[in-house]
Amino acid sequence: LPSVAAQVVKDVNDYLTEKNKPKLSDEVVKNLTEQIESLEDPNQRIRDLLQKRIVDFCKQIISSTNKSVPQLPPGLTICKNDLGAIAGQFLKLVDYNKEVFGEFYNEIIANHCLFKVEA
């Protein structure tokens, strides 16, 4: 992620220069770089929040009784195409497992997914 942070800083500074504004201060660059690089940490709060939202979204999809797609969680609209593709394949796998393993699979879903989606 250090190269991502460097690219973000460069893009922001280029934009600020284009708009005749002062470039980012060294302190802002340092803070921004640290925040971006901290995303690698598996215990990072934003990472945990996004992971929770993705899991809850997938739980909504597999526990839904109608064919309409649930609303995307906040903050994930930027990756809606990727999330939609992953969720679609996940749903196909769940449906296949329901067909093959029937009652065992329904019990697993009922115990681990239904009524436990946090809004």
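Residues numbered from 1 in each chain as written. Predicted model: local features only at pLDDT ≥ 70, side-chain atom pairs only at ≥ 80, totals over all residues. Heavy atoms only, no water.

Colleague: How should the overall build of the protein be read in this particular structure?
Modeller: When helices and strands are tallied, the protein shows four helices and zero strands. Listing each helix as α and each strand as β along the protein from the N terminus yields α-α-α-α. Taking 2.2 N^0.38 as the reference for a compact globule, 119 residues should give roughly 14 Å; the C-alpha atoms of the protein span a radius of gyration of 20 Å, well beyond that estimate. Along the three orthogonal principal directions, the C-alpha set of the protein runs to about 65 × 25 × 25 Å. Buried positions account for 19% of the 119 residues belonging to the protein. (Helix = DSSP H or I, 4+ residues; strand = E, 2+ residues; numbered from the N terminus. Rg over C-alpha atoms; globule rule 2.2 N^0.38 Å. Buried < 20%, exposed > 50% of the residue type's maximum accessible area, 1.4 Å probe, protein only.)

Colleague: For this particular structure, what's the right way to read the side chain of Asn-13?
Modeller: Position of Asn-13 relative to the elements: it lies in helix H1 (residues 2-18). When sequence neighbours within four positions are dropped, the list of residues in contact with Asn-13 reads Lys-23 and Leu-24. (Contact = heavy atoms within 4.5 Å.)

Colleague: Explain the environment of Phe-104 here, please?
Modeller: One can find Phe-104 in helix H4 (residues 80-112). Among the residues examined, Phe-104 registers a relative accessible area of 58% and is labelled exposed. Phe-104 sits 43 residues away from Ile-61 along the chain, and the two C-alpha atoms are 19 Å apart.

Colleague: Teacher, can you tell me more about the nonpolar core here?
Modeller: Soluble, globular proteins show a tendency: their nonpolar side chains are buried together. Listed in full, the five residues of the largest apolar core are Phe-57, Ile-61, Leu-76, Leu-83 and Ala-87. Looking at this core, the elements that each hand over two or more residues are helix H3 (45-63) and H4. Non-local contacts of Ile-61, meaning those with residues more than four positions away in its chain, are made with Pro-70, Ala-87 and Leu-91. (Core = buried A, V, L, I, M, F, W, Y, C linked by side-chain atoms within 4.5 Å.)

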